[in-house]
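Here's the letter readout for the chains.
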Amino acid sequence: MGFNWWRIVRVLSLDDDEITQCSELQAVCSQALPFDIGYKMCLPKRVGGPAIQSVATALGNILCFNFGLMFGITPAHMTLYESEERTPLNQATDPAGTAWLTGYLFLSAAVGALVSGFLALKIGPKSVLLCSGLLQISAWACIHFGNDIVHIYASRLFAGVASGAAFVVLPIFINEIAESREKAARLTFTIELWRTLGILIGFVLGFYVPYAFVNIVGCAVSFVFTMTFPFVQESPHYYLRKNNMASLEKSLRWYRGIRDIDDREKPEYLSELDEFHAELRSRDKNVASTPMSHSYIIRLTFVSFLLTVCAKLSGVFVELNYAADFLGRTGYSTETNYVVLASAQCIGALLARLVGPRLPRKLLLCFSSLFAAAAVIALALFKAYGQFWLLGNWADRYLPIVLLAIQLAVVSFGLYPLAAVVSSEVLPTKLHDLLYSLASAVSWLLLFGMIEAFNAVKATIAPGLVLYLWVFAGASIFVGLVSLPLLPETRNRRPSAVQRKLGYVDDGGVAKGSAVTNGHIATHI
């Protein structure tokens, strides 16, 4: 079967509408290609909108995986940098110098988180994620070619800015491309799975793989993201903010799997497109939405900070970074302890992805936070009074790692992923982008302070480790108890119902009007 390739090349030079309507392309490609190239990406015709949304999210999640790699290799490589015989640098670094590696990672993450929400509104979430990918390439290049501790610091700064931006913007991107709130929640739960998987692989690479090969893996992962994510479309909501209906329709068709001209008549697609048009017309006519009261905005701000800050203060990153200090000589070898704890995180994140979207959000949040607090409290009591319990040698050796693994698994199962899921379901769109960005920046700063103060607290305040455990338990208990009366249930609830529960009502006692596009609350402030 022969045909002229120049005919396909000529058709590919057309714009999207001309390609879709071109009978010549359909006739040629039907003979040779099992693909519809209406969007110049050769997507299989049978791939629908949900699969495209999942693939786009998976590509974005490479950034979260990459952060996990960078964080995971740090404990192992700190030992290398301090070793006179094994250091890959020009000279060994003292423990005070290596202690800043994780600190710089979190400090720069606060900077990335602070600016990313604003940038996502201005240049689009896809553009912000692409910039994050370039920064991650720079981070791994600094490690690969670096020969001084300053170069390693630079790698953490680049990676931190990229990761802080990615963890803020990726949930925004998911909510703007998903076809429903339920689909957005399922995709947002995957962020935690990719992050924990990256940490696990990072521990394995850091402890068991030669230093030079680790950097090659990191560069390869960053390269995969940079070469694939540009082919993803920008979100329709970004084009709505820019009043660009032509690009909006193109993006919407891509994310809904609309590639044939006949598919554009689907009722669900036309209904969603009409909502975008109605929103744009209301903006053109300067139809202002009902303003939100100050008390309502304060309540939303408290909700955003409650979820985001308490998730970070639950102790996940501090415990993983200083697992050798928290466990001491208990458990297994130092390397195995790190891998066990990271594996427990992955199990919790996997369960969250499988069953989390089906569970009531408030129930899952309260259960995970209180159960995680119980495990941390048990560990704190064991460290303080365990010598009087006479539980036996097995308990003295393995109970600490079991309790710590349970706490990490439960936090990854509920508290940590729900911080992003519930925030996006509770907060109006623009307010969510800005508040979630600010709350994330504050939480990374607090985490930076806890990381940098750890050695000083451990050495000067007795018992310092137990004090940290009580802080972790207090943060988990606080979010669990406060969310019971404060947060409404958001699963399978209309946005107007959620806002009514939060007190967004007019004088007549009904929820104030807010434009709802694709299940997203588009109230403007």
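Procedures and definitions
Residues numbered from 1 in each chain as written. Predicted model: local features only at pLDDT ≥ 70, side-chain atom pairs only at ≥ 80, totals over all residues. Heavy atoms only, no water. UniProt positions renumbered as here; feature names shortened; annotations may be inferred. Helix = DSSP H or I, 4+ residues; strand = E, 2+ residues; numbered from the N terminus. Buried < 20%, exposed > 50% of the residue type's maximum accessible area, 1.4 Å probe, protein only. Contact = heavy atoms within 4.5 Å. Areas by Shrake-Rupley, 256 points an atom, 1.4 Å probe, with all protein chains shown as cover. Salt bridge = Lys/Arg side-chain N within 4 Å of Asp/Glu carboxyl O. pLDDT = per-residue confidence, 0-100. Core = buried A, V, L, I, M, F, W, Y, C linked by side-chain atoms within 4.5 Å. Domains from an automatic or database assignment. Expected span 1.5 Å × (residues − 1).

In the nomenclature of an unreviewed UniProt entry, the chain corresponds to Major facilitator superfamily (MFS) profile domain-containing protein from the organism Drosophila yakuba. For the chain, the Subcellular location (unreviewed entry) comment in UniProt is given as "Membrane".

Draft legend 1. Examining the overall build of the chain more closely. Helix and strand counts for the chain come out as 22 helices and four strands. Counting every position in the chain, which comprises 525 residues, the buried fraction comes to 55%. Across the chain, contacts joining residues at least 24 apart in sequence account for 79% of those joining residues at least 6 apart. Total accessible area computed for the chain in this model is approximately 21,600 Å², and 64% of it derives from carbon and sulfur atoms.

Draft legend 2. Fine view of the environment of Gly474. For Gly474, the location among the structural elements is in helix α21 (residues 464–486). In this structure, the C-alpha to C-alpha distance between Gly474 and Leu370, residues 104 residues apart in sequence, is 9.7 Å.

Draft legend 3. Fine view of the pattern of salt bridges. Scanning the entire structure with this criterion turns up four salt bridges. Residues Glu176 and Arg241 are paired through a salt bridge, measuring 2.9 Å at the closest nitrogen-oxygen approach. Note that Glu176 is positioned in helix α8 (residues 149–177) and Arg241 in helix α11 (residues 236–241), a separation of 65 residues in sequence. By relative accessible area, Arg241 is classed as partly exposed at 23%. For Arg195, the salt bridge goes to Glu192, with nearest N and O atoms at 2.6 Å.

Draft legend 4. View of the confidence of the model for the chain. On average, residues of the chain score 82 in pLDDT, and 83% of them are at 70 or above. Confidence drops under pLDDT 50 across residues 1–42; counting only partners more than four residues distant or on other chains, this segment forms 58 contacts. Scored below 50 in pLDDT, residues 505–525 makes 61 contacts in the model with residues more than four places away or belonging to other chains.

Draft legend 5. Layout of the nonpolar core. Ranked by internal contacts, the top residues of the largest apolar core, which has 132 residues, are Phe106, Val318, Phe326 and Trp444. If you tally residues by element for this core, the top one is helix α19 (residues 393–426), at 17 residues. Three or more residues apiece are contributed to this core by two domains, here domain 1 (49–261) and domain 2 (295–505). Leaving out residues up to four positions away in the same chain, Phe106 has contacts with Phe67, Phe71, Phe317, Trp444, Leu447, Phe448 and Ile451. Counting 11 residues, the second-largest nonpolar core is a separate cluster that includes Leu240, Met245, Leu248 and Tyr269.

Draft legend 6. Quick peek at the environment of Phe118. Looking at the secondary structure, you find Phe118 in helix α6 (residues 100–123). Here the alpha-carbon distance between Phe118 and Leu435, two residues 317 residues apart in the chain, equals 10.0 Å.

Draft legend 7. Region of interest: helix α14 (residues 294–312). Here α14 is 19 residues long and its end C-alpha atoms lie 27 Å apart, about the 27 Å a rise of 1.5 Å per residue gives. Considered for burial, the residues of α14 that qualify are Tyr296, Leu300, Val303, Ser304, Leu306, Leu307, Thr308, Val309, Cys310, Ala311 and Lys312.

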